[in-house]
Amino acid sequence: MELDPLILSRIQFGFVISFHIIFPAFTIGLAAWLATIEGARLVTGNTLYRRVFDFWLPIFAVSFGMGVVTGIVMAFQFGTNWGVLAVKTGSIQGPLLGYEGFTAFMLEATFFGVLLLGRDRVSPRFYFFSCCMVALGTMFSSFWILANNSWMQVPLGHTIVDGKIIPADWMQIVLGPVQMVRWPHMLLAAFLTSGMCVAATGAWYLLRGVHRDEGRVMLHWGLALVAVVIPIQLFFGHLTGEYVLKHQPAKFAAIEARWKNEQPAKEVLIAIPDEANERNLFAITVPELGSFIASGNFTAAEIGLESFPREDRPPVLIPFLAFRLMVGMGLIMLAVSWLGNLLRWRGKLESSRWFLWGTFLSFPTGFVAILTGWYTAEVGRQPWVVYGLLRTRDAITPALTTNDVLTSLIVYIVVYWLFVSFGIYYIYKLLRDGPRGEAMAIANVTASRPLAIAARTEPAVDADARSKR
Amino acid sequence: MSELHPSNLALFWAAVIAVSILVYVILDGLDLGVGILFGSTRDEDHRLHMMNTIAPFWDGNETWLVVIGAGLFATFPVVYAVFMGAFYLPLLLLLVGLIFRGIAFEFRYRSVRMRWLWDAGFFLGSTVVAFVQGAAVGALMRGIPVANEQFAGTSFDWLHPFSVLTGIGLVFGYALLGAGWIVLKSEGELRDWAYKRIGWLAAIVFVILGMAFTVSLTVDVGAVAQSHLRERPWGLVFTVAAIAALGGVVMGARARRDGLTFALTVVFILTSYLTLGVMFWPYMVPYSITVGSAAAPDASLQFLFYGGVVVLPVIALYTAGVYWVFRGKVQRESN
């Protein structure tokens, strides 16, 4: 593979968006979690819930801040590296992303500020209302991102004038049937991600014998929420598969590593797809299951990649493996959450150390599922950037040189490695130290500086830092 | 909609973006300026006090940068694509500078041992951001080559002697603005310290602008000559006002008038900006793409309009509200 601006730009976009997506996804789930636990406190009056809430709030703040900063980088990527895409589809993608920016800002300027600064300044009911609005706001923010991406997957409601793809029907662009499946799929993924993190944090405390009360709340609530959400997610995952089969059959064939047209089609459970020779190595297959998965009966004909011209085929290896990883993560979440609730029902949840270890170690399952799910969707869409309308290789900024993109890619890798690992380290430290009572009030901080909360909430590294100032 | 007669919606969005850029330049300019001046002292008391003058404001100021970026993409996608392509490396420096600056701001308190690193990050981040913005202005004045609605130049076109001068000019221009802000927001030693620097900064800005003008007449003929200032000599009113404001800043500093001194630094930035506006109009990308030819179809402008009329006033009110809440002089010890 030769390094040219195209491949480097693709790597760069994949890199910066992978680092970006984990924060908003975590934030969406945590916002819903904060609203849930604050609601529980309001109803029961239990101060334990308040301690759990105060513990997760700064983590939410850091994650939100990281999402904003990595999001600013995203706002410029379309123009810097994908200039032709920006010009050809800007009149559709631009307003969608613009609305996302508007939503995020409104959130930051209003109810998020109440959350961070105002428990004592507003009534408990209004505080809870603010929590709900923040949760809704983060969901609404993701709505626009998914609307934009769904339109790139299955473009609807546009016309082409002078080679530019311009809007004809905003209703179809924003509320298309694909969006109505993919947005819930993403939201549920975010809920699961945070639910697993909450449960894993609780398990961690119980294993270490610290913060027992808070740990118990996190473990029970986390496992219960995941147990409820995961079947719904499997259903929406199924609907997502249906849209892919209907609108992007080449992607479907790539996910299934199905090279030839088959009737009935076998299901390749696991294999190493060999793209050069159009075959699967070390394949474990189940006869007829492929037809059942795609069409619901054991005899249907399913199309393979051979039905598509070579230049229209997506890569196979990444969608195939990423999809299986995603499904695997879903099955782990299903197993952990249902088993956990079974143990809880029999009163053995907190005494089963092996299970607590399993729960603790499955904290990254949601993140892995989100990333691999996105890789499946995005790599599977190739060679198109806007499916069927604009090829990725035709979308790049023409003036870019290999050195430009190589420079920016290296700089992003270094900066993100420093900055994001720093942020993740802070979140880790907050998680490790556990609840520490009331979150302290901080002067001079507005909601647009969530990192300030982290810098001051985290216990002092060198205790003399404050006295020396 | 045509090239010569942009639609009202296109004019509305062009105005939104123009105003957003101005607000951004003034607001982020003053806190970048404080960051630049931060590097010129080693006195920890001064440094802390300086940080406190911008603590509640600096991050919100960057909201305007997002409004500009997202707004251009949505309403003038061609301009967005050409700018981002033409300023690929400067934009990278800008983003990295802003990220480092942000982290340094929050985390320098956390560590005594590592503080020198955060401090260097804060100063260098601020300086680099100011420089690339100034260089971009210089590059715009020289004109951006465009073919097929895409940038048609090379990676380092923006780094030309003329734009290097405008880059350095903006570093000192922002530092001047920052010094005005410090004077407005502080008392005692730091205020005196900032007052001492204002005269020098104003003189340096004046000299650099003079040098840039000379370069544009000699080595780099065209940067100013090709502008529309020639057909609109009335635009020179703004240039004269800018020079007068610069002189006024020095006088204000001599008279120790805090409010007046800061206000005149803002007037200097405002009138310089208006001068550029007269030079460029009706071009959005000088001198190849006009407002009318770059605008997205009205269907897009209209769609975003509904959100914009709600959100933009809220952003403006929110910004004003934060400045109002944290008005007045800051105490050295508050943080």
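For the structure itself, look to the data block above.
Residues numbered from 1 in each chain as written. Chains lettered and ligands numbered in written order. Predicted model: local features only at pLDDT ≥ 70, side-chain atom pairs only at ≥ 80, totals over all residues.

### Let's talk about the overall build of chain B
The cut-off we apply is this: Strands here mean DSSP runs of E at least two residues long; helices mean DSSP runs of H or I at least four residues long; both are numbered from the N terminus. We compute the radius of gyration from the C-alpha atoms alone; for a globule the expected value is 2.2 Å times N to the 0.38, where N is the number of residues. Exposure classification rests on a simple neighbour count of other C-beta atoms within 10 Å of a residue's own: a residue reaching 20 or more is buried, one at 12 or fewer is exposed, and one in between is partly exposed. C-beta atoms are placed from the backbone. C-beta atoms are placed from the backbone for every residue, and two residues are taken to be in contact when these atoms lie within 7 Å.
Across its full length, chain B holds 13 helices and four strands. Computed over its C-alpha atoms, the radius of gyration of chain B comes to 20 Å, within 12% of the 20 Å expected for a compact globule of 335 residues. Reported as C-alpha extents along the three principal axes, the dimensions of chain B are approximately 55 × 45 × 35 Å. Taken over 335 residues, chain B has a buried fraction of 55%. For chain B, long-range pairs separated by at least 24 residues make up 80% of all intrachain contacts whose partners lie at least 6 apart in sequence.

### Regarding the environment of Leu-3 of chain A
Residue and element names in this part refer to chain A. You can see Leu-3 is positioned in the segment before helix 1 (5-44). The exposed category is assigned to Leu-3, around which 12 C-beta atoms lie within 10 Å. Taking C-alpha positions, Leu-3 is 9.8 Å from Asn-403, a pair spaced 400 residues apart along the chain. Setting aside its immediate chain neighbours within four residues, Leu-3 contacts Leu-8 and Thr-402.

### Comments concerning the interface of chain A and chain B
Quick reminder of the rule: Under this grouping Gly is polar, as are all residues other than the nonpolar Ala, Val, Leu, Ile, Met, Phe, Trp, Tyr, Cys and Pro and the charged Asp, Glu, Lys and Arg.
Opposite the 52 residues of chain A that make contact, chain B presents 56 residues. Sorting the residues of the side of chain A that touches chain B by element identifies helix 2 (47-81), helix 3 (83-109), strand 2 (164-167), helix 14 (402-433), helix 15 (450-457) and helix 16 (465-468) of chain A as the ones contributing at least two each. By residue number, the principal contributor to the side of chain A that touches chain B is helix 3 of chain A, which donates 16 residues. Of the residues contributing to the side of chain A that touches chain B, the split by class is 31 nonpolar, 15 polar and six charged.

### Regarding the packing of helix 7 (residues 177-208) of chain A against helix 13 (residues 365-381) of chain A
All names here are of chain A. To keep it simple, the criterion reads: To obtain each axis, a line is fitted to C-alpha atoms, and for helices this fit is confined to the stretch in contact; angles are then taken between N-to-C directions over 0 to 180 degrees. What sets the label is the angle itself: under 35 degrees gives roughly parallel, over 145 gives roughly antiparallel, 65 to 115 gives roughly perpendicular, and the rest give oblique.
Viewed as axis vectors pointing N to C, helix 7 and helix 13 meet at an angle of 155 degrees, and their least axial separation amounts to 7 Å. In terms of orientation, helix 7 lies roughly antiparallel with respect to helix 13. Contacts between helix 7 and helix 13 involve Ala-189, Leu-192, Thr-193, Met-196 and Cys-197 from the former and Thr-365, Gly-366, Phe-367, Ala-369, Ile-370 and Gly-373 from the latter. Of the residues assigned to the contact of helix 7 with helix 13, the class counts are seven nonpolar, four polar and no charged.

### With respect to the pairing of strand 4 (residues 279-286) of chain A
All names here are of chain A. How we decide: A pair of strands is treated as paired once DSSP finds two or more bridges between them.
Counting buried positions along strand 4 yields zero of eight residues, so the element is predominantly exposed. Bridge analysis of strand 3 (residues 267-274) against strand 4 gives six bridges, and the strand direction is antiparallel. Residue pairing for strand 4: Asp-274 is matched across the bridge by Arg-279. The hairpin turn running from strand 3 into strand 4, its antiparallel successor, is four residues long, and Glu-278 in that turn takes a positive phi close to 50 degrees.

### Considerations on the pairing of strand 1 (residues 158-161) of chain A
Residue and element names in this part refer to chain A. Sheet topology note: the strand 1/strand 2 ladder contains four bridges and is antiparallel. Each bridged residue has a counterpart across the sheet, and for His-158 the counterpart in strand 2 is Pro-167. Connecting the antiparallel pair strand 1 and strand 2 is a turn made up of two residues, with Asp-162 showing a positive phi of about 50 degrees.

### Notes on the packing of helix 11 (residues 317-345) of chain A against helix 12 (residues 353-361) of chain A
Residue and element names in this part refer to chain A. To keep it simple, the criterion reads: Each crossing is labelled by how the near helix is turned from the far one, with a counterclockwise turn of less than a right angle marking it left-handed and a clockwise turn marking it right-handed.
Following both chains from N to C, one finds helix 11 and helix 12 inclined at 150 degrees, their axes separated by 11 Å at the closest point. Comparing their axes, helix 12 and helix 11 come out roughly antiparallel. Considering the relative orientation of helix 11 and helix 12, their crossing is left-handed. Facing helix 11, whose interface residues are Val-336, Leu-339, Gly-340 and Leu-343, helix 12 presents Phe-355, Gly-358 and Thr-359. Looking at the contact of helix 11 with helix 12 residue by residue, the classes come out as four nonpolar, three polar and no charged.

### Looking at the nonpolar core
What counts is decided by this rule: In this usage, the nonpolar core is the set of buried Ala, Val, Leu, Ile, Met, Phe, Trp, Tyr and Cys residues whose C-beta atoms join them within 7 Å.
The biggest cluster of nonpolar side chains holds 255 residues, and the ones touching the most others in it are Leu-34 of chain A together with Val-79, Val-82, Leu-95 and Leu-176 of chain B. Counting residues per element, this core draws most heavily on helix 2 of chain A, which supplies 18 residues. Setting aside its immediate chain neighbours within four residues, Val-82 of chain B contacts Ile-144, Val-146, Gln-150, Phe-151, Val-285 and Ile-289 of chain B.

### Describing unusual backbone geometry
Residue Pro-282 of chain B follows Trp-281 of chain B across a cis peptide bond; omega there is 5 degrees. By the secondary structure assignment, Pro-282 of chain B is in the loop between helix 11 (258-280) and strand 3 (283-285). Following Pro-286 of chain B, the chain continues into Tyr-287 of chain B via a peptide bond in cis, with omega recorded as -10 degrees. The residue Tyr-287 of chain B is located in the loop between strand 3 and strand 4 (289-290) in this model. One non-glycine residue, His-211 of chain A, lies in the positive phi region at around 40 degrees. Residue classification places His-211 of chain A among the buried residues on the basis of 22 C-beta atoms within 10 Å.

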